[in-house]
Amino acid sequence: MTVAIVPIELRHIESLNDCVAQVARERRFLSIVEGFALDQSAAWVATNLLRDNPFVVALDGDRVVGWCEVRRDSLPGRAHTGLLGMGLLAPYRGQGLGRRLIDQALQQARDRSFERIELMVRSPNLRAIRLYTRAGFQEEGRKRDAVRLDDGSEDEVLMALHLREKHR
């Protein structure tokens, strides 16, 4: 299987929308449990492109099988910060694609002068926590009882990566 990691383009919106919906329906990784309407996904992608935010997709042929984005914070005091979000379809996990996605998105973030990248990950998602840790993220805190779905409650782990450590 050859999967390419490429910058998002408008032509990927419909396939991205399907990919996000599949991951959401698993109810284990994202804060959403259903996909978005196609026009919402189009607005999401268009906004990221307009703001020159890092956004890459994993393509198996023409099919989006994963994504990673870094959204710059819009508040002036936090403009150096971005929020990372990503997902990968189940059959493509455990093959190094998550790392390839995150590495490409982080390189784009460096190129665009981001200094701090934050993320939230559900505490039972140990595979993702290991991925983020290997990519240099560190846990900065927890939001207790942040997610309640089905019959349980989960914490969200707050992690961050400083792309340019400042020495004081």
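Please read all numbers here as calculations on a predicted model, not as lab measurements. (Residues numbered from 1 in each chain as written. Predicted model: local features only at pLDDT ≥ 70, side-chain atom pairs only at ≥ 80, totals over all residues. Heavy atoms only, no water.)

Here's the deal with the pattern of salt bridges
- The final tally for this structure, using the stated rule, is 17 salt bridges.
- Among the salt bridges present, the one from E26 reaches R28, with a minimum N-O distance of 3.9 Å.
- E26 gets classed as partly exposed once you look at its relative accessible area, which sits at 24%.
- For D155, the salt bridge identified is with R144, shortest N-O distance 2.7 Å. Residue D155 is located in strand β7 (residues 152-162), and its partner R144 is located in strand β6 (residues 138-149); the two are separated by 11 residues in the primary sequence.
- Classification of D155 by relative accessible area gives buried; the value is 16%.
- One salt-bridge network, held together by shared partners, links D73, R78, R116, E118 and E140. (Salt bridge = Lys/Arg side-chain N within 4 Å of Asp/Glu carboxyl O. Buried < 20%, exposed > 50% of the residue type's maximum accessible area, 1.4 Å probe, protein only. Helix = DSSP H or I, 4+ residues; strand = E, 2+ residues; numbered from the N terminus.)

Considering the pairing of strand β5 (residues 116-122)
- Burial of β5 is extensive: six of the seven residues sit out of reach of the surface.
- Sheet topology note: the strand β4 (residues 81-88)/β5 ladder contains three bridges and is parallel. In the strand pairing of β5, G82 is matched with I117.
- As judged from the seven bridges shared by β5 and β7, these two strands associate in the antiparallel manner. Bridging from a neighbouring strand, E118 pairs with A160 of β7. (Pairing = 2+ DSSP bridges.)

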